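Listed here are the chains, written in short residue letters.
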Amino acid sequence: MDLNLNRADYLQVGVTSQKTMKLLPASKHTATQKVVVGDHDGVVMCFGMKKGEAVTVFKTLPGQKIARLELGGVLNTPQEKIFVAAGSEIRGFTKRGKQFLSFETNLTESIKAMHISGSDLFLSASYIYNHYCDCKDQHYYLSGDKINDVICLPVERLLREVPVLACQDRVLRVLQGSDVMYEIEVPGPPTVLALHNGNGGDSGEDLLFGTSDGKLGLIQITTTKPIHKWEIRNEKKRGGILCVDSFDIVGDGVKDLLVGRDDGMVEVYNFDNANEPVLRFDHTLSESVTSIQGGCVGKDGYDEIVVSTYSGWVTGLTTQPVHKESGPGEELKINQEMQNKISSLRTELEQLQYKVLQEREKYQQSSQSSEAKSAVPSFSVNDKFTLNKDDASYSLILEVQTAIDNVLIQSDVPIDLLDVDKNSAVVSFSSCDSESNDNFLLATYRCQANTTRLELKIRSIEGQYGTLQAYVTPRIQPKTCQVRQYHIKPLSLHQRTHFIDHDRPMNTLTLTGQFSFSELHSWVVFCMPEVPEKPPAGECVTFYFQNTFLDTQLESTYRKGEGVFKSDNISTISILKDVLSKEATKRKINLNMSYEINEVSVKHTLKLIHPKLEYQLLLAKKVQLIDALKELQVHEGNTNFLIPEYRCILEEADHLQEEYKKQPAHLERLYGMITDLFIDKFKFKGTNVKTKVPLLLEILDSYDQNALIAFFDAA
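- If you check an unreviewed UniProt entry, the protein chain appears there as Bardet-Biedl syndrome 7 protein homolog from Odocoileus virginianus.
- UniProt lists a comment for the protein chain under the heading Function (unreviewed entry), and it reads "The BBSome complex is thought to function as a coat complex required for sorting of specific membrane proteins to the primary cilia. The BBSome complex is required for ciliogenesis but is dispensable for centriolar satellite function."
- The Subunit (unreviewed entry) field of the UniProt record for the protein chain holds the comment "Part of BBSome complex."

Below is the structure:
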């Protein structure tokens, strides 16, 4: 059964956060549902659709930014009370808009996530989780990393409270009271949690999770351990998941899975006989999808998917056909309806144009008066800077509530800008004088009209650290700009992982000295991505990392007065040694450093680099041959005379050139890593081998793995 959904834009509110739009249950009198949405202006708005027009039920006054919106009520009754989280306050409204609750939680941080279950309220700020019952504090938990979402398994079915926290360190924490019952490792930083089928599935224990790198999974939360049921890898390299819902949009009696992503993708997954989700429908919007719900809003009898987007659009993807099949009389009626709609839209447009003209004249007059004051228009920027494991590059996503005019990228460290297929902006590079003003990159992206979202890909070099700045200028008057800063860390290509291979040959760096646990933790935060800014609870902590480019690993264990760092890559240890020495010197702390170097690790690292280097050399050779082979083809008229290998190169010419273009300086990057490995190996022995680097590069140009290993051993 094919699924055809047609888009209908309902209305626009202010900028919205994740999970701030819900559909109220249908009442006895009307079959269609009302939509309630909260925005960054602090306005809660409830509306319904009547004859194709949005009709407001209620609208509150502006206030603090609304971070979450949930529906609640007495258990086992329709959930039609509206709860919103703004700052550290929870407010409750009836479906008619009357406020019945104002609860100041007195949390030191703003509320980021919320779940309602009967008279129980589960809240989380950045690191703090609180459970309230009838507005009285019950339980509290301090997380080791940021909490992105909170949920509780259905109490009415399980007869026990099982709160689950989605934490940034790729872990779901299952709580019992104020304690962690157990932890579940997931494949990416979890951003959203939802009950399977809206009620926890057959067992009441089934929990859906979505991650910031676009993965989706289902886990059964039993009393003793988790059972992983299925997981969808992000094969199509789509955006991170912001919202999920369960609703039977296909109409086969089984609830489908609705997914909204931060690249504007809306997906519908249907469940086959094996209970595995299968993608049945997808639709792309131009901005991130912050909330998704299934229901009936536009017209009675036509189910739809209702989404809210970052800039505040509430949009329906409805099963209602755009063109109705009807008789002559019905057709006349539809044409008349369409004419009336066009006429009212024209009138509305004329009124808006007149209003804009009036305001423009007013602004011109006030700006020329002697008491004129210039006001800088404010605008929201939603940004995300994350490391992609698949290609060891950083994704910088910038989203603005209005159209972007241009984005200037400036970096004081050497980085490569990679091509992004989705990106339609025109890029131009400016020449930089890196010696006099620390500018290694100046690039301007000029966006096409109505572009509100820009995605860039960046690859950094480990050991080179500094700041990347993005100057975002939207198409608004008077011209204004916002600057966003992103830190490129010394070990920027390392990513947190749950475990490492302890059988690898490891090099060890040990630090001792008069430093506190929090001081050493701040140095680790400075060096490595994905480490929480707050020091974890306890006296000692261990973090595991994996290099996304080379697959080498790093283990860091530290406590007050001592830190131990182990890696199978000497260059990683060398970078840490240099950076930690510099940081300790800045703070006038005396550090004692000792290191153990494992000679076998060098050969091990070279073997990890070998397949990547061999592939890139072969790709470069193939690309060099393409022009010559094309000339021969034109000259001879066919390719029959060529050997199969060369015919294959010609057939794949476009693909090879595209891949080569996508990976600029990839070969140079690998050469650089091998050179650093060579220099670092002998640096720890107290020998300077920089004079032998030209000889090393000669060996790399006529690459042979055994010859390279022999050179490392003989030098």
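**Some words on helix H4 (residues 517-527)**
For step 1, the next point in the chain: All of the buried residues along H4 are Phe 517, Leu 520, His 521, Trp 523, Val 524, Val 525 and Cys 527.
For step 2, the next point in the chain: Close packing links the buried residues of H4 with strand E39 (507-513), strand E40 (540-547), strand E41 (553-559), strand E42 (562-567), helix H5 (570-586) and strand E43 (591-596).

**A look at the side chain of Arg 238**
For step 1, the next point in the chain: Considering the arrangement of structural elements, one finds Arg 238 in the loop between strand E21 (226-232) and strand E22 (241-247).
For step 2, the next point in the chain: Polar contacts involving the side chain of Arg 238 include one to the side chain of Asp 282, which spans 2.6 Å.
For step 3, the next point in the chain: Excluding its chain neighbours within four sequence positions, the residues that come into contact with Arg 238 are Arg 261, Asp 263, Met 265, Glu 267, Leu 279 and Asp 282.

**Side note on the packing of helix H10 (residues 693-701) against helix H11 (residues 705-714)**
For step 1, the next point in the chain: As a packed pair, H10 and H11 sit with axes 9 Å apart at the nearest point and diverge in direction by 165°. As the angle between them shows, H10 and H11 are arranged roughly antiparallel. Helix-helix and strand crossings are classified by hand; for H10 and H11 the assignment is right-handed. Between H10, through Leu 695, Leu 696, Ile 699 and Leu 700, and H11, the contact on the second element is made entirely by Ala 707, Leu 708, Phe 711 and Phe 712.

**Section: the state of the cysteines**
For step 1, the next point in the chain: Evaluation of the coordinates by the stated rule reveals zero disulfides.
For step 2, the next point in the chain: The thiol of Cys 46 is unpaired, and the distance to the nearest cysteine sulfur, on Cys 296, comes to 15 Å.
For step 3, the next point in the chain: The exposure class of Cys 46 is buried, given its relative accessible area of 0%.
For step 4, the next point in the chain: Among the cysteines around Cys 167, which has no disulfide bond, Cys 152 carries the closest sulfur, lying 15 Å off.

**Quick notes on the sheet that holds strand E27 (residues 304-309)**
For step 1, the next point in the chain: Taken together, the four strands give an open sheet; going across it, the order is E1-E28-E27-E26, and neighbouring strands pair in antiparallel fashion. At either end of the open sheet lies a strand with only one pairing partner, and these are strand E1 (6-12) and strand E26 (289-295). With strand direction ignored, the average angle separating the axes of adjacent strands in the sheet is 20°.
For step 2, the next point in the chain: Judged from the six bridges that link them, E1 and strand E28 (residues 313-318) form a sheet pairing that is antiparallel. Bridged to Asp 9 within E28 is Thr 315.

**Focus on the pairing of strand E19 (residues 206-211)**
For step 1, the next point in the chain: For E19, the tally of buried residues reaches six of six residues, placing the bulk of the element in the interior.
For step 2, the next point in the chain: Burial along E19 is two-sided: the face carrying Asp 206, Leu 208 and Gly 210 and the face carrying Leu 207, Phe 209 and Thr 211 are both buried.
For step 3, the next point in the chain: Of the pairings in the sheet, the one linking strand E18 (residues 190-195) to E19 comprises five bridges and is antiparallel in character. Opposite Val 192, over in E19, you have Gly 210 as the bridge partner.
For step 4, the next point in the chain: What sits between the antiparallel neighbours E19 and strand E20 (residues 216-221) is a turn of four residues, in which Gly 214 has the positive phi angle 85°.

Here is what the cut-offs are and how they apply
Residues numbered from 1 in each chain as written. Predicted model: local features only at pLDDT ≥ 70, side-chain atom pairs only at ≥ 80, totals over all residues. Heavy atoms only, no water. UniProt positions renumbered as here; feature names shortened; annotations may be inferred. Buried < 20%, exposed > 50% of the residue type's maximum accessible area, 1.4 Å probe, protein only. Helix = DSSP H or I, 4+ residues; strand = E, 2+ residues; numbered from the N terminus. Contact = heavy atoms within 4.5 Å. Polar contact = N/O pair within 3.5 Å; in protein donor to acceptor, adjacent residues only side chain to side chain. Axes fitted to C-alpha atoms, helices over the stretch in contact; angles between N-to-C directions. Parallel < 35°, antiparallel > 145°, perpendicular 65-115°, else oblique. Left-handed = near helix turned anticlockwise from the far one by under 90°. Disulfide = S-S within 2.5 Å. Pairing = 2+ DSSP bridges.

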